[in-house]
Amino acid sequence: MDRLELIDLARILRIWGGEEEYVELTEDVQDLYWDELGYDSLSVLQTTGSIERKFDILLDGELLELADTPRRFLELVNGVLGSRAAV
């Protein structure tokens, strides 16, 4: 797998963020901020670590600070994955 899809991100977030009070990630809400979706910084951090292990990549911490919505997070991860595939 050389791309992280929204459905995959949603599944990983549910694991680390809990299923009790999460907003379902769909195309309609992927521009909302993490806290608006009910995910705290720890959930996003744990999700990031899980993705790094799964794809064997390292995500730039400074860029991750800019990834404050699911859409931006996916763009960052898929940018790294795309760069790796191009090598």
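Residues numbered from 1 in each chain as written. Predicted model: local features only at pLDDT ≥ 70, side-chain atom pairs only at ≥ 80, totals over all residues. Heavy atoms only, no water.

1. Structural notes on helix α1 (residues 6-17)
Formally: Helix and strand assignments follow DSSP, with helices taken as H or I runs no shorter than four residues and strands as E runs no shorter than two, numbered in order from the N terminus. Each helix should span, by expectation, one fewer than its residue count multiplied by 1.5 Å. Burial status follows relative accessibility: with a 1.4 Å probe on protein chains alone, a residue under 20% of its type maximum counts as buried, one over 50% as exposed, and anything between as partly exposed.
Given a rise of 1.5 Å per residue, 12 residues ought to cover 16 Å, and the 15 Å separating the end C-alpha atoms of α1 matches this to within 8%. Residues L6, D8, L9, A10, I12 and L13 constitute the buried set of α1.

2. Quick look at the packing of aromatic side chains
How two aromatic rings sit relative to each other is given by the distance of their centres and the angle of their planes. What counts, and what does not: Centres within 6.5 Å are what make two rings of Phe, Tyr or Trp a pair, Trp counting through its six-membered ring; a difference in plane orientation under 30 degrees is then read as stacked, over 60 as edge-to-face, and the rest as tilted.
A full pass over the atoms with the stated rule returns two aromatic pairs. Pairing W34 with Y39 gives two aromatic rings, centres 6.4 Å apart and planes at 80°, and the pair type is edge-to-face. Among the residues examined, W34 registers a relative accessible area of 8% and is labelled buried. Among the residues examined, Y39 registers a relative accessible area of 3% and is labelled buried. Relative to F73, the ring of W34 has its centre 5.9 Å away and its plane inclined at 85°; by these criteria the two rings are edge-to-face. On the criterion of sequence distance, the pair formed by W34 in the loop between α1 and α2 (41-55) and F73 in helix α4 (residues 70-86) is long-range, its members being 39 residues apart. Taking the relative accessible area as the measure of exposure, F73 reaches 1% and is therefore buried. Here the aromatic residues W34, Y39 and F73 are joined through ring pairs into a cluster of three or more.

All we've got here are geometric facts, nothing functional implied.
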